[in-house]
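Working through the structure, step by step
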Amino acid sequence: MKLVLQGVAARHATAQRRAADALQGLSFSIGEGEAVAVIGPSGAGKTTLLEVLACARPPALGTLAVGGQPPWQLPRHALQQLRGRLILVPQVPPLPPRQRVVTAVLAGRLPSWSLWTSLRSLFYPVDIPAADEALEVFELADKLFERVDRLSGGERQRVGLARALVSPARLWLVDEPLSALDPARAQRAVAALVREARARGVTLVASLHQVDAALAHFPRVLGLREGRLLFDLPAAQVTPDLLARLYAQHEDELHGAPPADDTPVPAAPVAMQCR
Amino acid sequence: MNGVRPAQRDPAWTGRVGLLLTAAVLLWPLLVATEFKPWLLLDADAARVTGHFLASFLPPAMSPEFLWLVAAGTWRTVAMATAGITLGLLLAVPLTLVATRALSVSALSGRMAALPLVVRQAARGLLIVLRSVPELVWALVFVRVVGLGPAAGVLAIALTYGGMLGKVYAEILESGDAQVTQTLLRNGASRLQAFTYGLLPQNAAELTSYTVYRWECAIRSSVVLGFVGAGGLGQLMDGSMKMFAGGEVLTLLLVFVALVALADRLSAALRRALG
């Protein structure tokens, strides 16, 4: 799916009334089937950018075209249909406790399913082979019937990625897919993601903390700093000098890998309300 | 307080004492208005009457004929409560789905649109009307329509409990982490799909235990409704009280305790199964 942005400005989800815009004057376009990495220090607006591209948040200024359509001028039903043709994978995987991995992965199919099929799939999963295949890509095939709250943080994140693989989406927007993975796994996961997107001809936009992974696996890299586009270059042309400017005052994020948090997440106790 | 330097004195203390004094001053007229005179309980005459009444409870009535009546009454009471709750659910679940903010598609991108807002408020208003009329009043209305018998009790419980369940369900669904459902909606799932794949698995344990708790309340309610002619244990209790048959009253009270304990165990077991 093709993406065109012209002079887009947007605010952060939890911004105060008079806070500065998280994105300012962004203009670029991403072609059908391209794979693009978005890098930049924390607070650069990477997540906000992905949310704008996912039609989750309207831009404050400028124009946006997703698949040739202006999402915020569509009637709500058409907008929801357009949202069904893309998938946004948030950094914290959206998995309800007690759900099983197979159900969580197949939830990516919901936009293409009727209500009846979705209910049937809760009784007996409709497309187990597809879920298994997607999990195989991210080395999780043995977890097919596990409960998601018994998985580690990194495994949960990869379940979120597997959801994109089974979805009917033609645009994958992936927010920090590697934040909870150890370095070796992270490299394999990002390689798999780019490979699968290319094999399906899907457009892929991923925000990444790991600069080396972005440069190694993505043909095109956007450098975002303080809500502005610092550079938009083929990976081979991103110089150490540019990176130093991108991460000025945030050098630790450029060099140090983020801490890998791969310990199992304990299930949160169910809060009781007495009424 | 002597010897304590001013800097070490808790500055919130005066405010707390003031609040307590204000509360006491405000409560006094309430106690006068409700003729709250606990010392009357200790009055010699009153104590004797109470003592006689309580003494007549022993031993509990255990004659086979009476136990048979109690068994039939228990069955009727439980049936009335269960049928009432089930009908109430049929009323509450659709209203919950309409009323809960968590399933709003238009609210995803900031503010909820005008029409959905009005519809949601209307559903909430209907829930308020349903539960603001006590089941006893509904029962008195229905006794005139359908005549004496459990049917009036079932309808009364269904309306009041439908209102209560709908309100609390909507609050439970809104109080949890919104991210899971939001992600599903943002990726193009319909409201009911987002409910069955996101909200429901996330809140299943709490919804279940609240429903069982309300079933327990419905058993108590159906006893009260028995006093106005809905049958079951309440009607037996009414008869026994009027004939000053203390032993029968004690037997009936023991049955109530057993029923509430049963509901408590059931709720615990269901929570374990869903946790």
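Residues numbered from 1 in each chain as written. Chains lettered and ligands numbered in written order. Predicted model: local features only at pLDDT ≥ 70, side-chain atom pairs only at ≥ 80, totals over all residues.

Another point: the overall build of chain B. Within chain B one finds ten helices and zero strands. Secondary structure elements of chain B, listed N to C terminal, follow the sequence α-α-α-α-α-α-α-α-α-α. In terms of overall dimensions, chain B is more spread out than a globule: its C-alpha atoms have a radius of gyration of 25 Å, far above the 19 Å expected for 275 residues. On the principal axes, the C-alpha backbone points of chain B span a range of 70 × 70 × 40 Å. Scored against the burial criterion, the 275 residues of chain B give a buried share of 36%. Restricting the contact set of chain B to residue pairs at least 6 apart, pairs at least 24 apart contribute 75%. (Helix = DSSP H or I, 4+ residues; strand = E, 2+ residues; numbered from the N terminus. Rg over C-alpha atoms; globule rule 2.2 N^0.38 Å. Buried ≥ 20, exposed ≤ 12 C-beta atoms within 10 Å, placed from the backbone. Contact = placed C-beta atoms within 7 Å.)

Helix and strand content of chain A: ten helices and nine strands. Across the 275 residues in chain A, those meeting the buried criterion constitute 45%.

We now examine the interface of chain B and chain A. On the side of chain A, 29 residues touch chain B, which itself brings 27 residues to the contact. Looking at the side of chain B that touches chain A, the elements that each hand over two or more residues are α6 (150-175), α7 (179-186) and α8 (191-230) of chain B. Per element, the largest residue contribution to the side of chain B that touches chain A is ten residues, and it comes from α8(B). Among the residues forming the side of chain B that touches chain A, the class breakdown is 13 nonpolar, twelve polar and two charged. (Nonpolar A, V, L, I, M, F, W, Y, C, P; charged D, E, K, R; others polar.)

Turning our attention to α8(B). Residues and elements named next belong to chain B. Compared with the 58 Å implied by 1.5 Å per residue over 40 residues, the 40 Å span of α8 between its first and last C-alpha is markedly short. Along its length, α8 shows its largest kink, about 65 degrees, at A204. When you tally the buried positions in α8, you get 29 out of 40 residues, the bulk of the element. Once α8 finishes, G231 follows within two positions and takes phi at roughly 85 degrees, a positive value. (Expected span 1.5 Å × (residues − 1). Bend = angle between axes of the 7 residues up to and from the residue.)

Turning our eyes to something else, we now look at the pairing of strand β9 (residues 228-234) of chain A. As judged from the six bridges shared by strand β8 (residues 220-225) of chain A and β9(A), these two strands associate in the antiparallel manner. Within β9(A), the position partnered with A:G223 by the bridge is A:F231. (Pairing = 2+ DSSP bridges.)

Should the pLDDT be low somewhere, the predicted coordinates at that spot are not to be read in detail. All names here are of chain B. Across chain B, the average pLDDT comes to 86, with 97% of residues at 70 or higher. Averaged pLDDT values over the elements of chain B bottom out at 80 in helix α2 (residues 44-55) and peak at 91 in helix α3 (residues 64-99). With pTM at 0.79, the complex prediction returns an ipTM value of 0.82. (pLDDT = per-residue confidence, 0-100.)

Residue and element names in this part refer to chain A. When cut into domains, chain A gives domain 1 (1-85 + 169-259) and domain 2 (95-168). Relative placement of domain 1 and domain 2: their C-alpha centres are 24 Å apart. Considering each element in turn, the side of domain 1 that touches domain 2 owes the most residues, five residues, to helix α7 (residues 183-200). Here the residues of the side of domain 1 that touches domain 2 are counted per class, giving nine nonpolar, one polar and three charged. (Domains from an automatic or database assignment.)

Here we come to unusual backbone geometry. For the bond from B:L58 to B:P59, the omega torsion is -10 degrees, close enough to zero to count as cis. Positive phi, normally seen in glycine, also occurs at A:C55, with a value near 60 degrees. The residue A:C55 is located in the loop between α1 (46-53) and β4 (61-66) in this model. Note on A:C55: 26 C-beta atoms within 10 Å, which makes it buried. The phi dihedral of A:E139 falls on the positive side, at around 60 degrees, and the residue is not glycine. In this fold, A:E139 is placed in the loop between α5 (128-137) and α6 (153-166). On the neighbour-count criterion, A:E139 (14 C-beta atoms within 10 Å) is partly exposed.

What follows covers the packing of α3(B) against α8(B). Residues and elements named next belong to chain B. Where α3 meets α8, the axes come as close as 8 Å, and the angle between the chain directions of the two elements is 140 degrees. Relative to α8, the element α3 lies oblique. In this structure, α3 meets α8 at a crossing whose hand is right-handed. Here α3 contributes T77, V78, M80, A81, T82, G84, I85 and L97 to the contact with α8, which in turn contributes F195, R214, W215, A218, I219, S222, V223 and A230. Residue composition of the contact of α3 with α8, by class: eleven nonpolar, four polar and one charged. (Axes fitted to C-alpha atoms, helices over the stretch in contact; angles between N-to-C directions. Parallel < 35°, antiparallel > 145°, perpendicular 65-115°, else oblique. Left-handed = near helix turned anticlockwise from the far one by under 90°.)

Here the focus is the nonpolar core. Judged by nonpolar contacts, the single largest core of 131 residues is most densely connected at A:V105, A:A162, A:W172 and A:L173. If you tally residues by element for this core, the top one is α6(B), at 15 residues. Looking at which domains feed residues into this core, each of domain 1 (1-85 + 169-259) and domain 2 (95-168) of chain A supplies at least three. (Core = buried A, V, L, I, M, F, W, Y, C linked by C-beta atoms within 7 Å.)

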